[in-house]
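The chain contents come next:
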Amino acid sequence: MTLSEKDALYNWHPYTQHKIFSHFPAIVKGNDEFLWDENGKQYIDAIASWWVNPFGHSNAFIAEAIYKQLTTLEHVLFGGFTHNVVVELAEKLIEILPANQRKFFYSDNGSTAVEVAIKASFQYHYNKGIKKNTIIAFEDAFHGDTFGAMAVSGIGLFTEAFQDALINVIRIPVPTKGNEESSKVALQKAIAENEVAAFIFEPLVLGAAGMVMYEASELDALIAICKQNAVFTIADEVMTGFGKTGKLFASNYLKNLPDMMCLSKALTGGTIPMAITTFTQAIFDGFVSDNKSHALFHGHTFTANPTGCAAALASIELLKNPTTLENIHRIQASHLQFEKHIQQHSKVKTTRVLGVIFALEIQVSEKQDYYSDLRNQFYNYFINKGVILRPVGNTIYILPSYIISNESLQQIYSTIEQAINEISC
Ligand SMILES: *Cc1c(COP(=O)(O)O)cnc(C)c1O
């Protein structure tokens, strides 16, 4: 039996209808932007394995740091103890995060980072004897799959079954071109009519929605409304963080800084699952009290795991290397050139670029929309050609590692162009 066949006997894959899909390539090796399966077939990882991998697969520098940490102190509980690596990581984060972020809470993944932000938003007010029970979020947002994170995500196929079991969330339009005013009006109305604790958003780019982009000035305007009304703002930078948008954080494009930030994905260079929720001093202070019950009662077994912290430290060191920003700009320039070429194509509806992110929406005929298996046709085409791309609906996007070569970028572009030419839409 092949690895793929054995896998089908035991393993349950994420977001997968196993009646339709049950055979997956078994990856046995990774290096830089490349992966190889059990048959020796090579793939270009054009989406950095779900946006986690900025410095290439099996990065030797990060691996070395992890090995050194594993053989020094692999783990110690963070309840009642601290350790040298988490202190060093906090000092590094203070250097690179927006200036108002001063306190760090550690967890394991993007969803838990969001849960912590939501719980802190509610409890901050509860501690003051104020009841605030509502969160505002964008329509079509994605903030994760645990209950709180799912509640603030857009309503769809993924969350339908759980709608009765979720916290109170008001959804407002994303301020994309043409929707700026309706977004602001909806935010003001939601704040006026509800007891709103916080507004959570993916800054500048909604990743899972298909790399939907909007202007920093529009987010500044929404944050200003929240600040006037004592509503906390939560920037979910799980996808956008650590350089993807061309700056270290998407929040660096803003004039009005968020009160909280959620970080994960590229935090450890795509090696060890880890997340951080960051806070202003004022929010932290709202939990410091003679009343013991005012503490934030949240934690995870592997909170601030030293090995994860060591991986994050190594990854941040690579991030701060000047060649990293040069690479990000190189990729952006390359995307812009491809955009100029491909946006003329009759089957291309829209394109957008920010940092290392490129997205293209395909023009679909009504007939195709109805059958809507187009996405899978494209996905399979790309996999056959050895390029890992996961279209979202009719949107094809690229989000590569920063170390990807120009040659691999060109191969991704030409594969996309061929697919658009060959697949009837
Ligand atoms: C992926 C993602 C999450 C969820 O992270 P997980 O590690 O999958 O739980 C949350 N927010 C955003 C913006 C994401 O892209």
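Residues numbered from 1 in each chain as written. Predicted model: local features only at pLDDT ≥ 70, side-chain atom pairs only at ≥ 80, totals over all residues. Heavy atoms only, no water.

(A) Highlighting the sheet that holds strand β1 (residues 27-31). Pairing is mixed across the open sheet formed by four strands, whose spatial order is β1-β2-β3-β15. At either end of the open sheet lies a strand with only one pairing partner, and these are β1 and β15 (387-388). Where β1 meets strand β2 (residues 34-37), four bridges bridge the pair, whose relative direction is antiparallel. When the sheet's bridge partners are listed, N31 is paired in β2 with F34. (Pairing = 2+ DSSP bridges. Helix = DSSP H or I, 4+ residues; strand = E, 2+ residues; numbered from the N terminus.)

(B) Geometry of the side chain of Q69. Relative to the helices and strands, Q69 resides in helix α3 (residues 60-70). The contact partners of Q69, leaving out residues within four places of it in the chain, are E74, V85, P306, T307 and A310. (Contact = heavy atoms within 4.5 Å.)

(C) Quick look at the packing of aromatic side chains. Taken as a whole, this structure holds 15 aromatic pairs when the rule is applied. Taking the centre distance of 4.3 Å and the plane angle of 15° together, the rings of F338 and Y413 count as stacked. Taken together, the residues F338 in helix α11 (residues 322-342) and Y413 in helix α14 (residues 406-422) connect sequence positions 75 residues apart. Residue F338 is classed as buried on the basis of its relative accessible area, which comes to 5%. Judged by relative accessible area, Y413 falls into the buried class, the value being 3%. Through a chain of ring-to-ring contacts, the aromatic side chains of F138, F199, F201 and Y214 assemble into a single cluster. The residue whose ring lies beneath K103 is F284, and the NZ or CZ to ring-centre distance is 4.3 Å. Positioned over the ring face of Y253 is K247, at 4.9 Å from the centre of the ring. (Phe/Tyr/Trp six-rings, centres within 6.5 Å; stacked < 30°, edge-to-face > 60°. Buried < 20%, exposed > 50% of the residue type's maximum accessible area, 1.4 Å probe, protein only. Lys NZ or Arg CZ within 6 Å of the ring centre and 35° of its normal.)

(D) Structural context of the site of the ligand. All residues in the neighbourhood of the ligand are listed as W51, N109, G110, S111, F142, H143, G144, E202, D236, V238, M239 and K265. Between the ligand and N109, the relevant distance is 3.3 Å, taken from an oxygen atom to a side-chain nitrogen or oxygen of the residue. The separation between an oxygen atom of the ligand and a polar side-chain atom of S111 is 2.6 Å. Compared with its free state, where it exposes 380 Å², the ligand has 83% of that area covered by protein. (Near = heavy atom within 4 Å. Polar contact = N/O pair within 3.5 Å; in protein donor to acceptor, adjacent residues only side chain to side chain. Areas by Shrake-Rupley, 256 points an atom, 1.4 Å probe, with all protein chains shown as cover.)

(E) A look at the packing of α11 against α14. One can describe the packing of α11 onto α14 by two numbers: an axis separation of 11 Å at closest approach and a directional angle of 25°. In terms of orientation, α11 and α14 fall into the roughly parallel class. The element α11 and its partner α14 pack so that their crossing is right-handed. Contact with α11, carried on its side by R330, I331, S334, H335, F338, H341 and I342, involves N406, L409, Q410, Y413, I416, E417 and I420 of α14 and no other residues of that element. (Axes fitted to C-alpha atoms, helices over the stretch in contact; angles between N-to-C directions. Parallel < 35°, antiparallel > 145°, perpendicular 65-115°, else oblique. Left-handed = near helix turned anticlockwise from the far one by under 90°.)

(F) Structural view of a nonpolar patch on the surface. Nonpolar side chains collect at one region of the surface, where Y15, W50, L157 and F158 lie side by side and expose about 490 Å² of accessible area between them. Structurally, the position occupied by W50 is in helix α2 (residues 48-51). Residue classification places W50 among the partly exposed residues on the basis of a relative accessible area of 35%. (Patch = residues over 30% accessible without salt bridge, like charges linked within 9 Å, V, L, I, M, F, W, Y side chains within 5 Å. Salt bridge = Lys/Arg side-chain N within 4 Å of Asp/Glu carboxyl O.)

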